[in-house]
Structure formats: C-alpha cells, structure tokens
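If you want the building blocks of each chain, they are given just below.
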Amino acid sequence: MTDKVIVLTGASRGLGAALAEALLAADTLLVTVSRKPNESLQKLARERGAQLLQIAADLSDPLKAVVGAEKVAAALPESASSYALINNAGMVQPLALAPQLTDGPAIASAFNLNVTAVILLTARFLATTEGRARNRRILNISSGAGRNPQPSWGVYCATKAALDMYTRVLNAEQRANGVRAVSLAPGVVDTDMQASIRNSDPARVPVQPRFAELHARGQLSAPAQVAARIAAYLRRDDFGQAEIDDIRNYD
Ligand code: NDP
C-alpha cells in the first residue's frame, strides 16, 4: 500500500534529481514533473521497491502546465497517510541589468515556471487531495534572492519574492484545511543553474565574479547533501511553523 505520496517538479537534474533520490522509498509514490525523464531514477525506484511516475511537461508554458497538473492529479491515489507537493523546478535566466531586460518572452517564461506553474500545480494538488488526509504539505524551493536584491537578477529575485508571498497566502488561507506550506531557500548548490550564473558575462551580470569565486573555492553545497537535509526537513513535526525558511538555518 502507498503510505506517502510526494509530487516533485524538476527531478531530472540538479537539486531535484538529488531530492528524488533521497525521497524514493518502499512506502512512497513519487510523481515527478519535468521536460525530460530521469533514467537513473527509474532504476533506483526498482531497486528500492518504490513507485515512481515521471510526467513530461514544459512548465514554462501555462497551458502545458495545466495539462501536467491534470496528469499529476490523476495519478494521486485516494488514500494515503500524507500528500506532499515540492515545487522545485525553476530557472534563473534571464540575467541582465534593468535597462537590458527587454526580452518579453524570456521574462514571461521565468515567471511562468517559477510562479504560475507553482500556482497551477498547487491548485490541482489541493483540490484533488481535499479530504483525503490531514497531512498535506507544500514545499516551495525558493531562494535567498527572493529576500535580498541582487543586481541583474531583477526577474529571478521578483519571481522568488512572489513565491514567498504566495506561500504565505497559502498558509493564511488553507491552514484550516490541514495544509502547511513553506518557502525554503536551499543555499548555493552545485548544479547547472550555478554553472549558468558562472558562465554569464560579468559586464551584464555584476555578481558573476562572486559566484565564480565560490565555485573556485569549492564553497558550493553538494546537491545530495542539501537534498538529504531538505528530505528530513519535509518530515519535521513542526513543518510549516516557519513559513519563510532557509535550510542553512539548520546547519
Ligand atoms: P537546475 O537548473 O540544475 O535544474 C532545474 C530543474 O528544473 C531541472 O530538473 C529541469 O528539468 C527543471 N525545469 C527547468 N525548466 C523547466 C520547464 N520549462 N518545465 C519543467 N521543468 C523544468 O536548477 P537547480 O537544481 O539548481 O534549482 C532547483 C531549485 O532550487 C530552483 O527552484 C532554484 O531556483 C532553486 N535554487 C537553486 C540554487 C542553486 O544554487 N542551485 C540557489 C537557490 C535556489 P528539465 O530541464 O528536464 O525540464
């Protein structure tokens, strides 16, 4: 029988792939959403006797995100002891100073993926799991960038600030229904996203040297280590007490 149901976006690589590995267990149904499947995850699920369903969807397109959210909803079993949704998929681009933020579709894609898709997935998750279990958790992977301004990160900072506020609205509105939501910053993690910041043009992205230096000094966190801590965080009895949180508070 499936005891725990976890929905995770962006499990194909980076922090999400590491989180999926940390969460796959015999009593768990893990439903993932990203554009590409994660082949190694399928093998790991078989080895651990876990149930895994990988759904392909481009979450930067709201119409495709709606279809993806419907597929997720259809995959959620009627009776589990807990349901969790982890909104992890995200993008940092476009990175540019305010006068150069002129690519409308690129800006819209970032808002669609980092905010709109979260709202759409959450809506279907809440509607589908209503009345099925008292334990319903939503973990939004945010960023310190949503709380502290970074030059040239106008789009990314704005999307993560929006994610933080949306999380607060969820708690204000849905806590009475047994829903607990957290917006959690993961720290600086060694993933493709960091590579994309490092590989950007310092003339357009003034913080590039800082991130290149962090990498050169070996100061990025390993995805597997951060994922193990986030998986433990998701299980905490007091989950949701700090609605805007940072995994580095638990070092
Ligand atoms: P990566 O760029 O390494 O991975 C992003 C993940 O999101 C991939 O699995 C990707 O899958 C998925 N994704 C990207 N675009 C789409 C899309 N259009 N539709 C569906 N899925 C998509 O990012 P990280 O692992 O570094 O980041 C994970 C989260 O952590 C993000 O929300 C990020 O903002 C946050 N974060 C990361 C930090 C870091 O230092 N790395 C710092 C602070 C926050 P696919 O390409 O297959 O679609």
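Let me sum up the structure you'll find in this document.

Scoring rules and cut-offs
- Residues numbered from 1 in each chain as written.
- Predicted model: local features only at pLDDT ≥ 70, side-chain atom pairs only at ≥ 80, totals over all residues.
- Heavy atoms only, no water.
- Helix = DSSP H or I, 4+ residues; strand = E, 2+ residues; numbered from the N terminus.
- Contact = heavy atoms within 4.5 Å.
- Phe/Tyr/Trp six-rings, centres within 6.5 Å; stacked < 30°, edge-to-face > 60°.
- Buried < 20%, exposed > 50% of the residue type's maximum accessible area, 1.4 Å probe, protein only.
- Core = buried A, V, L, I, M, F, W, Y, C linked by side-chain atoms within 4.5 Å.
- Axes fitted to C-alpha atoms, helices over the stretch in contact; angles between N-to-C directions.
- Parallel < 35°, antiparallel > 145°, perpendicular 65-115°, else oblique.
- Nonpolar A, V, L, I, M, F, W, Y, C, P; charged D, E, K, R; others polar.
- Near = heavy atom within 4 Å.
- Polar contact = N/O pair within 3.5 Å; in protein donor to acceptor, adjacent residues only side chain to side chain.
- Areas by Shrake-Rupley, 256 points an atom, 1.4 Å probe, with all protein chains shown as cover.

Here we look at the environment of alanine 56
With respect to the helices, strands and loops of the structure, alanine 56 is situated in strand β3 (residues 51–56). Considered as a pair, alanine 56 and lysine 36 are 20 residues apart in the sequence and their alpha carbons are 6.2 Å apart. In contact with alanine 56, other than residues within four places in its own chain, are Ser34, Arg35 and Lys71.

Observations regarding the packing of aromatic side chains
The final tally for this structure, using the stated rule, is four aromatic pairs. With 5.3 Å between their ring centres and 25 degrees between their planes, tryptophan 153 and phenylalanine 211 make a pair best called stacked. Separated by 58 residues along the polypeptide, tryptophan 153 in the loop between β5 (135–141) and α5 (154–174) and phenylalanine 211 in helix α7 (residues 208–216) bring together distant segments of the chain. Note on phenylalanine 211: relative accessible area 6%, which makes it buried. Feature note: the residues Trp153, Tyr156 and Phe211 constitute an aromatic cluster, connected by ring pairs.

Looking at the nonpolar core
Looking at soluble globular proteins, one finds that nonpolar side chains tend to be buried together. Core analysis: the biggest nonpolar cluster contains 30 residues, and Leu24, Ile86, Leu139, Ile230 and Leu234 have the highest contact counts within it. Counting only elements with at least two residues in this core, the list comes to β1 (4–9), α1 (14–23), α2 (39–48), β4 (82–87), β5, β6 (179–185) and α8 (223–235). Per-element tally for this core: the top contributor is α8, with six residues. When neighbours within four sequence positions are excluded, isoleucine 86 is seen to be in contact with Ile6, Val7, Leu8, Thr9, Leu19, Leu23, Leu139, Ile141 and Leu234. Of all hydrophobic cores here, the second largest spans 29 residues; its members include Val7, Val33, Ala57 and Leu121.

Focus on the packing of α1 against α2
Where α1 contacts α2, the axes come no closer than 10 Å and their chain directions differ by 10 degrees. Judged by the inter-axis angle, α1 sits roughly parallel to α2. In this structure, α1 contributes Ala17, Ala20 and Glu21 to the contact, and α2 contributes Leu41, Leu44 and Arg48. Class assignment of the residues belonging to the contact of α1 with α2 gives a composition of four nonpolar, no polar and two charged.

Structural notes on the site of the ligand
Near the ligand lie 30 residues; those nearest to it are Ser12, Asp58, Asn88, Tyr156 and Thr191. Between the ligand and valine 189 there is a distance of 2.8 Å, counted from an oxygen atom to a backbone nitrogen or oxygen. Threonine 191 places a side-chain nitrogen or oxygen 2.5 Å from an oxygen atom of the ligand. Coverage of the ligand by the protein amounts to 96% of the 880 Å² it exposes when considered alone. In terms of residue class, the shell around the ligand is built from twelve nonpolar, twelve polar and six charged.

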